[in-house]
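# Topology and contacts: notes
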Amino acid sequence: MKARGVEDILITATDNLNGFTDTIRNVFPQSRTQICVVHQIRNACRYVVWKDKKAFTKDMKLIYDAPTKQAAEAALEDFAEKWNDKYSYAIKSWRDNWEDLTVFYEFPLEIRRIIYTTNLIENLNGKIRKYTKNKLSFPTDDAVMKSVYLALREATKKWTMPVRNWGIILNQFLTIYEERVRL
């Protein structure tokens, strides 16, 4: 990305692929990296038996729905106390990734809503994949670019709703990153 002209990244939301977060930190050291909470939930639930899932996810929700990072830490401790004997791996996963799972608490609520998950970008990637998956190969790089362009054009037709409170969010970004954002 840097080779293509990206000078700075304020915040990244990642799905915690091996090496991805570290690479972002090395190339853009000022960037804040938020691990996708939805991916964390899915990963934690992967090892939970069906009969415990409802209660487990209800208790886990208290962690990521907490109003502050301190409240989230307290919720994690309560969660661990209740579930650690049965699902220690899920608790360990939350603890191992805690700092990157809780970056969104550093921001106002409006910004939190748009950075805690990678679902939006994954949805867009799915639409691009829909346009490119049936092709075994493309004759040229231009053919790939045109296919992606058409996928993006189709996807944007459905983007009729603006981001809720965008004016407030933009103002908050301009205030928080006054030195780094230029309009």
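Throughout this description, residue numbers start from 1 for each chain and increase along the sequence as written. Since the coordinates come from a predicted model, pLDDT governs what is reported: local features require at least 70, and pairs of side-chain atoms require 80 or more to be given and counted, while whole-chain, interface and lining totals use all residues. To get the side-chain values, take all heavy atoms of the structure and skip hydrogens and water.

### Section: the pattern of salt bridges
Opposite charge on two side chains permits them to pair, given that their charged atoms come into close proximity. The condition is simple: In the sections that follow, a salt bridge refers to a side-chain nitrogen of Lys or Arg positioned within 4 Å of a carboxyl oxygen of Asp or Glu. Put simply, DSSP H or I for four residues or longer makes a helix, DSSP E for two residues or longer makes a strand, and each gets a number counted from the N terminus. Using a 1.4 Å probe on the protein chains alone, a residue whose accessible area is under 20% of its type maximum counts as buried, one over 50% counts as exposed, and one in between counts as partly exposed.
A full pass over the atoms with the stated rule returns 12 salt bridges. With a closest N to O distance of 2.7 Å, Asp 8 and Arg 180 form a salt bridge. Taken as a pair, Asp 8 in the segment before strand 1 (11-14) and Arg 180 in the segment after helix 10 (166-176) lie far apart in primary sequence, 172 residues in all. With a relative accessible area of 31%, Asp 8 lands in the partly exposed category. Residues Asp 22 and Arg 25 are paired through a salt bridge, measuring 3.8 Å at the closest nitrogen-oxygen approach. Residue Asp 22 and its partner Arg 25 are located together in helix 1 (residues 20-27), separated by 3 residues, close to a single helical turn. Taken together, the salt bridges that share partners define one network made up of Asp 22, Arg 25 and Asp 100.

### Describing the packing of helix 2 (residues 37-45) against helix 3 (residues 50-64)
Here is the rule we go by: Axes here mean lines fitted to C-alpha atoms, for a helix over just the part in contact, with angles spanning 0 to 180 degrees between N-to-C directions. Each crossing is labelled by how the near helix is turned from the far one, with a counterclockwise turn of less than a right angle marking it left-handed and a clockwise turn marking it right-handed. The contact criterion used is simple: two residues touch if any of their non-hydrogen atoms lie within 4.5 Å. Each residue receives one of three labels: charged for Asp, Glu, Lys and Arg, nonpolar for Ala, Val, Leu, Ile, Met, Phe, Trp, Tyr, Cys and Pro, and polar for the others, Gly being one of them.
Between helix 2 and helix 3, whose axes approach to 11 Å, the crossing angle comes to 150 degrees. As helix 2 runs across helix 3, the sense of the crossing is right-handed. Residue-level inspection shows Val 37, Ile 41, Ala 44 and Cys 45 of helix 2 in contact with helix 3, the latter providing Lys 53, Phe 56, Thr 57, Met 60 and Tyr 64. Considering only residue class, the contact of helix 2 with helix 3 consists of 7 nonpolar, 1 polar and 1 charged.

### As for unusual backbone geometry
One non-glycine residue, Asn 165, lies in the positive phi region at around 60 degrees. Within the element layout of this structure, Asn 165 appears in the loop between helix 9 (141-157) and helix 10. Look at Asn 165 and you get partly exposed, because its relative accessible area is 35%.

### Examining the environment of Tyr 131
Looking at the secondary structure, you find Tyr 131 in helix 8 (residues 119-132). Its relative accessible area of 34% is what places Tyr 131 among the partly exposed residues. C-alpha separation for the pair Tyr 131 and Lys 69, spaced 62 residues apart in sequence, amounts to 41 Å. Not counting residues within four places of it along the chain, the set of residues in contact with Tyr 131 comprises Ser 147, Leu 150, Ala 151 and Glu 154.

### Quick word on the pairing of strand 2 (residues 32-35)
Rules: DSSP calls a pair of strands paired once it identifies at least 2 bridges connecting them. With strands facing away from the observer, any crossover in which the path from the first strand over the helix to the second runs clockwise is taken as right-handed.
Relative to strand 2, strand 1 runs parallel, the two being bridged by 4 bridges. Each residue of the ladder has a partner; that of Ala 13, found in strand 2, is Gln 34. Since strand 1 and strand 2 lie parallel, the crossover through helix 1 that links them has a hand, and here it is right-handed.

### Focus: the confidence of the model for the chain
In low-pLDDT segments, the atomic positions of the prediction should not be examined closely. Selection criterion: Residue-level confidence of the predictor, termed pLDDT, takes values from 0 up to 100.
Across the chain, pLDDT averages 88, with 99% of residues at or above 70. Here helix 8 stands out as the element of the chain with the lowest mean pLDDT, 78, in contrast to helix 4 (residues 69-83), whose mean of 97 is the highest.

### Details of the packing of aromatic side chains
Heads up, the rule is: Note on aromatic contacts: the rings of Phe and Tyr and the six-membered ring of Trp form a pair at centre separations within 6.5 Å, being stacked when their planes are under 30 degrees apart, edge-to-face when over 60 apart, and tilted otherwise.
For the structure shown, the criterion picks out 9 aromatic pairs. Each ring, one from Phe 56 and one from Trp 83, has its centre 5.3 Å from the other, and the planes form 75 degrees; the classification is edge-to-face. One end of the pair, Phe 56, is in helix 3; the other, Trp 83, is in helix 4, and 27 residues separate them in sequence. On the basis of relative accessibility, which here comes to 6%, the residue Trp 83 falls in the buried class. A centroid spacing of 6.5 Å and a plane angle of 50 degrees characterise the contact between Trp 94 and Trp 98, whose relative ring orientation is tilted. Clustering of aromatic rings is evident, with ring pairs tying together Phe 56, Phe 79, Trp 83 and Tyr 87.

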